[in-house]
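Close look at the chain arrangement
Listed below, chain by chain, are the residues.
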Amino acid sequence: MVLFRYSCRLYKRLLLSSLETSSINVGIWARNIHSSAEGLEVTYEYGIKKQTMHNHGVQKLHQSANDEDCRRPHIPVMVNEVVNCLSPQQGQHMLDMTFGAGGHTTALLQKVTDITVYALDRDPAAYKIAQQLSESYPKQIQALLGQFSQAETLLISAGVEPGTLDGVLLDAGCSSMQLDTPERGFSLRKDGPLDMRMDSGRYPDMPTAADVVNALDQQALASILRTYGEERHAKKIASAVVQARSIYPITRTQQLASIVAGAFPAGALYARKDLLQRPTHVATKTFQALRIFVNDELHELYVGLKIAEKFLKPGGRLVALSFHSLEDRVIKRFLQGIDVSEKSNLNIRQKIRQGQKNYSEQDVEEFSSEKSNARWTSIQKKVLTPQAADVQENPRGRSAKLRAAIKL
């Protein structure tokens, strides 16, 4: 028998009260939700030897066309657009806030060799790659290990003063390396421990995705899935998770994927389509929601944008890549000068709709930019997306959106 001990009443109260406000108010509620979850304690007491549904023959997931992504080498997203928007010049100093496998940083150095790139990443595996690459570029690359929220301290320790950087690249979301490593627990197509921590084991007390799905009650789980995954069937999935964990703890990625799939008719397993009209598993949004929550991604993104603005010099360039609507919304409103931590400032779109009901989405965005605080000027008139050839070469980048601006 498995007994769950909950130490998350405060968490639940904060989560539910926060979700009553606008879903864009990440400056306040994303931090509150996640900080309370850091205190989660999950205790499993077994009267028999530990077992999992995985060891009892979890249903093998159907291999969709998306598996082709896993066999491709790491390819940086929209690399030409990133380099063009940053427009590196001799002697400049750049910050790559999500170094990953170093694709964008390498492209910048190939464009202009006499630049300095501070390579930041919260993932120890990426940090190791940055250290290795710095051996080839000893004077051009300085590796930094930490989250967006730790960037200010790390930069100052490296001798970088606010207002001195010429360019900042922020590539949000999950890296291919993380998705392709089953032991990290990010992918539902490769079985592994249900972890999802981008920091890996750097913070042992940080809750894993397994902690979240095993500890929180149905209402809290549904709120996470709805908010971070924009999952329409959040209640149904949360109910299935709670029912399944009453039999065995949920500890494996494909175990969770099978539980989510079991909440739907067999014909609905791959009924959803991605932007390339390829079938996607019904658990995709659930995995996205848990990953965003575990890593506090929206709050980290917001803080990262503020730090980027602080360290850029006037005339410095910011390039931000996003991969789903929640990230893009935060970036867009930040560049428009909308304080996402204040709900009163999130009504511009509503006011436009009331006054100009026939405005298109593009008209609304351009109008909002004109009325925003004059802290940034856009490099391009509209958001950039991958070219067809880029999507064919790198399907994982199909949903990317690039926004670039110059600090005034």
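In the block above lies the structure referred to throughout.
This write-up is about the structure you can find in this document. Bear in mind the structure is a predicted one, so any value in this text is a computation, not a measurement.

1. Here we look at the nonpolar core
In summary, soluble globular proteins display a tendency toward joint burial of nonpolar side chains. One finds L194, V212, V241 and L256 to be the most contacted residues of the largest nonpolar core, which totals 41 residues. Mapped onto this core, the elements with two or more residues apiece are α9 (209–215), α10 (218–229), α11 (234–245), α12 (253–262) and α13 (284–294). Once residues within four sequence positions are removed from consideration, V212 is found in contact with L221, I224, L290, F293 and V294. If you look at the next biggest cluster of nonpolar residues, it comprises 30 residues, including A151, V168, L301 and L305.

2. Some remarks on the sheet that holds strand β2 (residues 116–121)
Paired through backbone hydrogen bonds, the strands of a sheet run either parallel or antiparallel to each other. The strand order across the open sheet formed by seven strands is β3-β2-β1-β4-β7-β9-β8, and the pairing between neighbours is mixed. Here the strands that pair on one side only, and so sit at the sheet edges, are β3 (141–145) and β8 (376–378). Looking at each pair of strands side by side, their axes are set apart by 20° on average, direction ignored. Taken together, the four bridges between strand β1 (residues 93–96) and β2 define a ladder with parallel strand orientation. Paired with H93 across the bridge in β2 is T116. Most of the contacts of helix α4 (residues 79–86) go to strand β7 (residues 312–322), to which it runs at about 165°, and overall it touches β1, β4 (165–171), β7 and β9 (401–407).

3. Quick look at the packing of aromatic side chains
Enumeration over the complete set of coordinates arrives at two aromatic pairs. Measuring from ring centre to ring centre gives 6.1 Å for Y228 and F293, while their planes differ by 50°; the resulting arrangement is tilted. In this pair, Y228 sits in helix α10 while F293 sits in helix α13, placing the two residues 65 residues apart along the sequence. Their ring planes at 55° and their centres at 6.2 Å tell us that F334 and W376 sit as a pair that is tilted. Here F334 is found in helix α15 (residues 325–335), whereas its partner W376 is found in strand β8, with 42 residues between them in sequence.

4. Concerning unusual backbone geometry
In this structure, M78 is a non-glycine residue whose phi angle is positive, near 50°. With respect to the element layout, M78 can be found in the loop between α3 (67–70) and α4. Residue M78 is classed as buried on the basis of its relative accessible area, which comes to 4%. A positive phi is found at M196, a non-glycine position, where the angle reads about 75°. Tracing the backbone through its elements, the reader meets M196 in the loop between α8 (176–179) and α9.

5. Some remarks on the environment of P386
Among the secondary structure elements, P386 is positioned in the loop between β8 and α18 (388–393). Taking the C-alpha atoms as reference, P386 lies 8.8 Å from E81; in sequence the two are 305 residues apart. Excluding residues that lie within four positions of it along the chain, P386 makes contacts with M78, V391, G397, R398 and A400.

6. A word on the environment of G103
On the secondary structure map, G103 appears in helix α5 (residues 103–111). In the structure, G103 is positioned 27 residues away from P76 in sequence and 5.1 Å away in space, judged by C-alpha atoms. In this structure G103 touches P76 and V79, once residues within four positions along its chain are discounted.

7. A closer look at the pattern of salt bridges
For the structure shown, the criterion picks out twelve salt bridges. Two residues, K310 and E152, come together in a salt bridge whose shortest N-O distance is 2.4 Å. Remark: E152 occurs in helix α7 (residues 151–157) and K310 occurs in helix α14 (residues 297–311); sequence separation between them is 158 residues. With a relative accessible area of 25%, E152 lands in the partly exposed category. Here the residues in one salt-bridge network are R122, D199 and R202, joined through shared partners.

8. Focus on the packing of α10 against α13
Put simply, α10 and α13 touch, their axes get as near as 8 Å, and they point 95° apart. With respect to each other, α10 and α13 are oriented roughly perpendicular. Of the residues in α13, those in contact with I224, L225, Y228 and G229 of α10 are K285, T286, Q288, A289, I292 and F293. Per-class residue counts for the contact of α10 with α13 are six nonpolar, three polar and one charged.

9. Here's the deal with the pairing of β3
With five bridges connecting them, β2 and β3 associate as parallel partners. Note on β3: the bridge partner recorded for V117 is I141. As for the winding sense of the linkage, the β-α-β connection from β2 through helix α6 (residues 124–136) to β3 is right-handed.

10. What to know about α11
The end-to-end C-alpha distance of α11 is 16 Å, a good match for the 16 Å that twelve residues give at a rise of 1.5 Å each. Residues A234, I237, A238, A240, V241, A244 and R245 constitute the buried set of α11. Buried residues of α11, viewed axially, fall in a sector of 160°; they line one side. Residues of α11 that are exposed and point more than 90 degrees away from the buried face comprise K235 and Q243. On its buried face, α11 is in contact with α9, α10, α12 and α13.

Cut-offs and rules
Throughout this description, residue numbers start from 1 for each chain and increase along the sequence as written. A pLDDT threshold of at least 70 governs which residues receive local features in this predicted model, and a stricter bar of 80 or more applies before side-chain atom pairs are shown or counted, although totals over entire chains, interfaces and linings include all residues. By convention in this description, side-chain values take in all heavy atoms of the structure and omit both hydrogens and water. To form a nonpolar core, buried Ala, Val, Leu, Ile, Met, Phe, Trp, Tyr and Cys residues must be joined to one another through side-chain atoms within 4.5 Å. Throughout this description, buried means an accessible area under 20% of the type-specific maximum (1.4 Å probe, protein chains only), exposed means over 50%, and partly exposed covers the range between. Here a helix means four or more residues in a row that DSSP labels H or I, a strand means two or more in a row labelled E, and each is numbered from the N terminus. The contact definition used throughout considers only heavy atoms, calling two residues in contact when any of these lie within 4.5 Å. DSSP calls a pair of strands paired once it identifies at least 2 bridges connecting them. Axis lines are fitted through C-alpha atoms, for helices just across the contact stretch, and the angle between N-to-C directions can take any value from 0 to 180 degrees. Whether two aromatic rings pair depends on their centres lying within 6.5 Å, for rings of Phe, Tyr and Trp, where Trp uses its six-membered ring; planes under 30 degrees apart make the pair stacked, over 60 edge-to-face, and the rest tilted. Put simply, a salt bridge is a Lys or Arg side-chain nitrogen that is within 4 Å of an Asp or Glu carboxyl oxygen. Angle categories: roughly parallel below 35 degrees, roughly antiparallel above 145, roughly perpendicular from 65 to 115, and oblique for all the rest. Residue polarity is assigned by list, with Asp, Glu, Lys and Arg as charged and Ala, Val, Leu, Ile, Met, Phe, Trp, Tyr, Cys and Pro as nonpolar; anything else, Gly included, falls into the polar class. Clockwise travel from the first strand over the helix to the second, with the strands pointing away from the viewer, marks a crossover as right-handed. A helix is expected to span 1.5 Å for every residue after the first. Think of it as the arc spanned by the lines of direction from the helix axis to the C-beta atoms.

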